Amino acid sequence: MTSSRNSRAGLPQPLGNSGGHDSANLADILERVLDKGVVIAGDIQVNLLDIELLTVKLRLVIASLEAARQVGIDWWEHDPWLSGGSGKRELEQENQRLRQRLADLDRDALRELDEGPDDG
Amino acid sequence: MGEQHVVWLYAVTRRLDVARFPATTGVAREPVRIVEAADLMAVVGSVGAGEFGEDALRRNLEDLAWLEATARAHDAVVDIVNHFGPTVPLRLATVYHDDDSVRASLVAHRGEFDTALRRVTGRTEWGVKGYADPDSIANHSVEEQVGDVGEGTAYLLRRRARLSALQAAESEAAAKAHRIHEALSRIAVVAKRQPVPHAELLHKRAKIVLNGTYLVDNERADEFADTVRTLDDQHPGIELDLTGPWPPYSFAGVDQMSP
């Protein structure tokens, strides 16, 4: 084990993780910079309650990020709360597209029914 | 009219050899600089109020992508400072209106910073996470417990055996985690167990049973790492993951007045 900062994980990753090391670091970094570190009041007060709530929510995510990524769970990347709403927008757009497609199919099906007898 | 700036605080240190300090950029890619007062040095950067002012900050902190970039940049600066001498890392988003406010804060918290700097001098923070796989342990002992009974009864028996095996495996993993933490605590100057993550969000095969941080004297760092490796070998069913060296995030706090 060297003391190089670049080799933060010296032991093999659990579950034969491959390539998820950056996410592991993110979890560790967030856990430290948000939750730890000396707290002194700056001039700009981000309401501590906001940060605490954020921390609580993040703790749920962070702590499980590592393990979850390894088994392919990545819901937080689509969680509107965590992804600044873009995930929600995407879902809405997809929903819209699917509704449109369904309406198109319905119309096509009806038209085929209507046109069917004409063909014969 | 230029953009309004605020002052982002990364870390507090002293006896930083400013001449050797490399050109470093911070959370807004701004050049990092030093503000001095009360024999202390604050490592700061001037950042745009449009992104780091009060309202923007609150909004941005909830954007995981922004948060990730900012956290990494903050940590990178703190890490560099930490290479030059004892460092007290500040929590993310400690922001002042100007340098005078930073100086006033250094003066006001001088005693606490001194104490914190003394505590972390010559020491490094390490993180150790332990992952248990209680499921696979539990699977072994189930089959042989079901005797010659009807199908439905056998199902219930198997189910009950499985549940209790799982329970036993979990408490065994917890006991192992406790022993591992105890062993590491004996090498560390200060040791802490952090809250472990919510089980239901974890894949059940990778339950975190230990989330420890350890402040270790630098001359014992190798011994600590070796011990982690040894404990990893001695405890089948528990995978240990060592991270570090970290700046002393978990041990510089003024609320932790352990020796």
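Starting from 1, residues in each chain are numbered consecutively following that chain's sequence as written. A letter from A marks each chain and a number from 1 marks each ligand, given out in the order of writing. Two thresholds apply to this predicted model, a pLDDT of at least 70 for residue-level local features and 80 or more for giving and counting side-chain atom pairs, whereas whole-chain, interface and lining totals are computed over all residues.

## Quick look at the overall build of chain B
To be explicit about the condition: Secondary structure is summarised from DSSP: a helix means a run of H or I of at least four residues, a strand means a run of E of at least two, and numbering begins at the N terminus for each. Counting other C-beta atoms within 10 Å of each residue's C-beta, where C-beta atoms are placed from the backbone, gives the exposure class: buried for 20 or more, exposed for 12 or fewer, partly exposed between. Throughout, a residue-residue contact means that the two C-beta atoms, derived from backbone geometry, are no farther apart than 7 Å.
Each helix and strand counted, chain B has eight helices and nine strands in total. Of all 259 residues assigned to chain B, the portion counted as buried reaches 40%. Here the analysis covers contacts within chain B between residues at least 6 apart in sequence; of these, 76% occur between residues at least 24 apart.

## Brief notes about helix α7 (residues 151–187) of chain B
This is how it is decided: For a helix, the expected span equals 1.5 Å multiplied by the residue count minus one.
A rise of 1.5 Å per residue sets the reference length of α7(B), with its 37 residues, at 54 Å; its end C-alpha atoms lie 54 Å apart and thus fit the reference within 8%. Those residues of α7(B) lying buried are A169(B), A173(B), K176(B), A177(B), I180(B), H181(B) and L184(B).

## Considerations on the pairing of strand β1 (residues 5–13) of chain B
Residues and elements named next belong to chain B. The criterion, for reference: Pairing between two strands is assigned when DSSP locates at least 2 bridges connecting them.
Of all nine residues in β1, eight are buried, a share of seventy percent or more. Examined bridge by bridge, β1 and strand β3 (residues 40–48) share eight bridges and lie antiparallel to one another. The partner of T13 across the bridge, within β3, is M41. One ladder, built from two bridges, connects β1 with strand β5 (residues 95–96); its direction is antiparallel. Opposite W8, over in β5, you have V95 as the bridge partner. One ladder, built from three bridges, connects β1 with strand β4 (residues 87–89); its direction is antiparallel. Looking at β4, one finds that V12 is bridged to V88.

## Quick word on helix α5 (residues 110–120) of chain B
All names here are of chain B. Applicable threshold: Of all possible arcs, the one meant is that of the directions from the helix axis to the C-beta atoms.
For α5, the full list of buried residues reads F113, A116, L117, R119 and V120. With its buried residues spanning 160° around the axis, α5 presents them on a single face. With respect to the buried face of α5, the exposed residues turned more than 90 degrees away are G111 and R118. Buried residues along α5 sit against β1, β3, β4 and β6 (123–132). Looking one or two places after α5, you find G122, whose phi comes out positive at around 75°.

## Looking at the sheet that holds strand β9 (residues 238–246) of chain B
All names here are of chain B. For clarity, the threshold we go by: Helix axes are fitted to C-alpha atoms over the stretch in contact, other axes to C-alpha atoms as well, and angles between N-to-C directions run from 0 to 180 degrees.
Across the sheet, which stays open at both edges, the four strands sit in the order β7-β8-β6-β9 with antiparallel pairing between neighbours. This sheet does not close on itself; its edge strands, each paired only once, are β7 (190–193) and β9. Neighbour-to-neighbour, the strand axes of the sheet open up by a mean angle of 20°, direction not taken into account. Here β7 runs beside strand β8 (residues 207–217); their pairing, made up of four bridges, is antiparallel. If you follow K192 over to β8, its bridge partner there is T213.

## Examining the pairing of strand β2 (residues 33–37) of chain B
A regular strand places its side chains so that they alternate between the two faces of the sheet. Residue and element names in this part refer to chain B. In this structure, β2 lies alongside β3, joined through five bridges in antiparallel fashion. Note that in β3 the partner of E36 across the bridge is M41. The hairpin turn running from β2 into β3, its antiparallel successor, is two residues long, and A38 in that turn takes a positive phi close to 55°.

## What about the confidence of the model for chain A?
Residues and elements named next belong to chain A. The condition that has to hold: The pLDDT value tells you how sure the predictor is about a given residue, anywhere from 0 up to 100.
Looking at chain A, the pLDDT average stands at 58 and 32% of residues meet or exceed 70. Helix α3 (residues 86–119) holds the highest mean pLDDT among the elements of chain A, 71, whereas helix α2 (residues 48–70) holds the lowest, 55. Within the model, the stretch residues 67–73 combines pLDDT values under 50 with 17 contacts to residues more than four positions away or in other chains. Low pLDDT, under 50, characterises residues 80–86; the predicted model gives this stretch 10 contacts beyond four residues in sequence or across chains.

## Section: unusual backbone geometry
Residues and elements named next belong to chain B. Residue G244 is joined to P245 through a cis peptide bond whose omega torsion reads 0°. Positionally, P245 belongs in strand β9. The phi torsion at R29 lies on the positive side, around 55°, for a residue other than glycine. Given 9 C-beta atoms within 10 Å, R29 falls into the exposed group. For A38, which is not glycine, the phi torsion reads 55° and is therefore positive. Along the chain, A38 turns up in the loop between β2 and β3. On the neighbour-count criterion, A38 (19 C-beta atoms within 10 Å) is partly exposed.

## Quick notes on the packing of α7(B) against helix α8 (residues 221–234) of chain B
All names here are of chain B. Where we set the bar: Should an angle fall under 35 degrees it is called roughly parallel, over 145 degrees roughly antiparallel, and 65 to 115 degrees roughly perpendicular, with every other angle called oblique. Crossing chirality is assigned from the near helix's rotation relative to the far helix, an anticlockwise turn below a right angle marking it left-handed and a clockwise turn marking it right-handed. Three classes are used, and their members are as follows: Ala, Val, Leu, Ile, Met, Phe, Trp, Tyr, Cys and Pro are nonpolar, Asp, Glu, Lys and Arg are charged, and the others, Gly among them, are polar.
Contact geometry for α7 and α8: axes closest at 10 Å, N-to-C directions at 165°. Overall, the two elements α7 and α8 adopt an arrangement that is roughly antiparallel. Crossing handedness for the pair α7 and α8: right-handed. Counted together, I180, A183, L184 and I187 of α7 and E223, F224, T227 and L231 of α8 form the full contact between these two elements. When grouped by side-chain class, the residues that make up the contact of α7 with α8 number six nonpolar, one polar and one charged.

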